[in-house]
Amino acid sequence: MSELAVRAEEVRKTYRSRRTPPVEALAGVSLTVPRGERVALLGRNGAGKTTFLRIAATLLRPSGGRVEVMGHDVDTEPDLVRPQIAVVPQEGRPFFHLTPREQAYAYLRARGFDGPTARRRADEALGQMGLTEVADRLSITLSGGQRQRTMVATVIATEAPLLFLDEPTIGMDPFARREVWRSFRELTRRGSTILLTTHYLDEAEALSQRLYIIDRGRVISHGTSEELKRQVGGTLRITIPGGHRLAADLAAFGTCVPDGGALTLITEPARLSEVLAIAVREKLTATVGPVTLEEAFLQAVGHSIDEES
Ligand SMILES: Nc1ncnc2c1ncn2[C@@H]1O[C@H](COP(=O)(O)OP(=O)(O)OP(=O)(O)O)[C@@H](O)[C@H]1O
Ligand SMILES: [Mg+2]
């Protein structure tokens, strides 16, 4: 049995239509997802994340390259892949004329679970997603976050070996997101594998053991969040509101990242007092904290944009 849940080699996808020029969405993506791990794909809008997930989930055929999921080629053996995966699509919606309980139950029955198992798993998953009170209301009457939770509950109830989750927590409040994180951790503890996308970098950091940053259809960086943060060139982030004009003075102390009218400097703790002295001299305040995945992401993608232009 392959140790990898997903092995992608040089995956390419060009969308073609008669009326518009072709769109190269993936230009050779290689990545691996070890079994039992939670892996996140990060990237700007249009980077190619959903395209990749759809190919790996057998919903779209690649233009080139190869993806193996649970040891099977998605293009030539999709029927062996499908029973092992479950997908929360981006912007998926529950059936409006079903209740969350009916939807989760029906989905499990369609996937071959017997009635009592489907009922038990549906109830459990709805409970985990905090939906017990609304589980018997038509989905059309649910709030946006409750609908999204219904989608996640339906899919996690399958306990499929591999879950593809495209922005699973979009629109959820901070408490609900943490409940989702907890249930994802529980799923991988029990042996499932999770490949997700998210634009919430705190979520990516809290949840995933490995990250891939995709930009314009290519992997531009990957590693643990600690590894990605180390590539930024410092461990400390100093933000000086109104400090954009100090960029030239502070460039010698580390990496300056303009941030609206503010200036964010990535540097090492040893340089802190000198930098604060400059801010104070200019009658500016500063906030200091550890470098976050957000800085690592902005810098990696920023470099990629610079190289392109
Ligand atoms: N059916 C399609 N036909 C033509 N172009 C498409 C199609 N689907 C996606 N694209 C284009 O392919 C590129 C990648 O899109 P994709 O949906 O994979 O990005 P994404 O990383 O998921 O973005 P987001 O963060 O906004 O969800 C974009 O330029 C998009 O406009
Ligand atoms: Mg997407």
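Refer to the preceding data block for the structure.
These lines cover the structure that appears in this document, whether it is placed above or below. Because the structure is predicted, anything quoted here is derived from the model rather than measured.

### Remarks on the overall build of the protein chain
Counting its secondary structure elements, the protein chain contains eleven helices and 14 strands. Principal-axis analysis of the C-alpha atoms places the extent of the protein chain at approximately 70 × 45 × 45 Å. Here the protein chain holds 309 residues, and the buried ones make up 40% of them. Contacts in the protein chain between residues far apart in sequence, at least 24 positions, make up 66% of those at least 6 positions apart.

### Some remarks on the sheet that holds strand β2 (residues 23–34)
If you trace the four strands from one edge of the open sheet to the other, you get β2-β1-β4-β5, paired in antiparallel fashion. Every other strand in the sheet has two partners, leaving β2 and β5 (72–73) as the edge strands with one partner each. Sheet topology places strand β4 (residues 64–69) next to β5; two bridges connect them, and they run antiparallel. What sits directly across from E68, in β5, is D73. Across the face of the sheet, helix α1 (residues 49–56) comes into contact with β1 (4–15), β2 and β4 while running at roughly 120 degrees to β1.

### Observations regarding the sheet that holds strand β3 (residues 38–42)
Taken together, six strands build an open sheet; the order of strands is β6-β7-β8-β3-β9-β10 and the sheet is mixed. The open sheet terminates on both sides in strands that have one partner only, identified here as β6 (85–88) and β10 (218–223). Taking the axes of each pair of neighbouring strands and ignoring which way they run, one obtains an average angle of 15 degrees across the sheet. Bridging between strand β9 (residues 210–215) and β10 involves five bridges; their strand directions are antiparallel. Note on β10: the bridge partner recorded for Y212 is H222. Sitting on the sheet, α1 is in contact with β3, β7 (162–166), β8 (193–197) and β9, with an inclination near 155 degrees to β7. Where helix α6 (residues 174–189) meets the sheet, it contacts β3, β7 and β8, and its direction lies at approximately 145 degrees from that of β8.

The rules behind these values
Residues numbered from 1 in each chain as written. Chains lettered and ligands numbered in written order. Predicted model: local features only at pLDDT ≥ 70, side-chain atom pairs only at ≥ 80, totals over all residues. Helix = DSSP H or I, 4+ residues; strand = E, 2+ residues; numbered from the N terminus. Buried ≥ 20, exposed ≤ 12 C-beta atoms within 10 Å, placed from the backbone. Contact = placed C-beta atoms within 7 Å. Pairing = 2+ DSSP bridges. Axes fitted to C-alpha atoms, helices over the stretch in contact; angles between N-to-C directions.

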